[in-house]
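Letter by letter, the chains look like this.
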Amino acid sequence: MAGHSKWANIKHRKAAQDAQRGKVFTKLIRELVTAAKIGGGDVGTNPRLRAAVDKALSSNMTRDTINRAIERGVGGGDDTNMETRVYEGYGPGGTAVMVECLSDNANRTISQVRPSFTKCGGNLGTEGSVGYLFSKKGLILILEADEDALTEVAIEAGADDIQPQDDGSFEIYTAWEDLSDVREAIEKAGFKIESAEVTMIPSTSVDLDAENAPKLLRLIDMLEDCDDVQNVYHNGEISDEVAALL
């Protein structure tokens, strides 16, 4: 999920991960195996694998589990041909939604994704219908830090931008290929990182009212519950006032 709205995109996502850690790990392992199979097992030369490893580590997956998944991919032990498929659509309130899937059966995947949109007041669009609104970025979240010190370290490490939030936290944006390097530099400087991931950042956002906010959250839940869905990105914003009503 995109990194703009704290309530909708971070708090909600972390709660979902905690409740469904087994399913999350299954999806992460699938991505690790596929990335290693396609681009090799060296994270230094395989950006997709490096991003997958970063995400697995952020979800507290052990190094042993990660390494076993990479070995499966490199060794070709899994003969399933998984392909990345991205579906685009419109969610409640006119929100833009992108659904990243990893699947060996396109018909099965679309039969899971399309009804989720329909049941939540949205509709599946065509390729390119909303994709132009999103940019692939690395996103690092730090809950508390000295702003000047953090900014100096992040920019020197190659971060594109650092944005202080109203709750005292900081969002650091990087080129997605540079996420690991920036993360390592920030950690070495002594800052505690809450999360670090490759995500899709929307260029515009849609403010959701008390009627459409729960519909979008239901859509996200339904999509994330699909086995083939790896990530859900959107440009919905839920204010603290609306969140308090949910």
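The written sequence of each chain sets the order in which its residues are numbered from 1. Only residues with pLDDT of 70 or above have their local features reported here, since the model is predicted, and side-chain atom pairs are shown and tallied only from 80 upward, although totals for entire chains, interfaces and linings are computed over all residues. The basis for every side-chain value is the complete set of non-hydrogen atoms in the structure, without hydrogens or water.

Undergrad: Got a minute to help me understand the side chain of Asn46 in this structure?
TA: Runs of E in the DSSP output that reach at least two residues are strands. Runs of H or I that reach at least four are helices, and both are numbered from the N terminus. For Asn46, the position within the fold is in the loop between helix H2 (21-39) and helix H3 (47-58). The classification of residues rests on relative accessible area computed with a 1.4 Å probe and restricted to protein chains. Under 20% of the type maximum is buried, over 50% is exposed, and intermediate values are partly exposed. What makes Asn46 buried here is its relative accessible area of 4%. The residues contacting Asn46, other than those within four sequence positions of it, are Ala35, Ala36, Gly39 and Gly40. A contact between two residues is defined here by any heavy atoms of the two lying within 4.5 Å.

Undergrad: Even after reading the chapter, I still don't get the nonpolar core, so can you show me in this structure?
TA: Generally speaking, a soluble globular protein has its nonpolar side chains buried in company with each other. Buried Ala, Val, Leu, Ile, Met, Phe, Trp, Tyr and Cys residues form a nonpolar core when they are joined through side-chain atoms within 4.5 Å. Among the nonpolar cores identified, the biggest contains 22 residues, and Val97, Val99, Val113, Phe117 and Leu223 are the most heavily contacted of them. Of all the secondary structure elements, the ones that give two or more residues to this core are strand S2 (96-103), helix H5 (106-119), helix H8 (212-224), strand S9 (229-234) and helix H9 (240-243). Examining the composition of this core, we find that six residues originate from one element, H8, more than from any other. Excluding its chain neighbours within four sequence positions, the residues that come into contact with Phe117 are Gly89, Tyr90, Val97, Val99, Gly122, Asn123, Leu124, Leu219 and Leu223. Ala159, Ile172, Ile193 and Val198 belong to the second largest nonpolar core, which has 16 residues in total.

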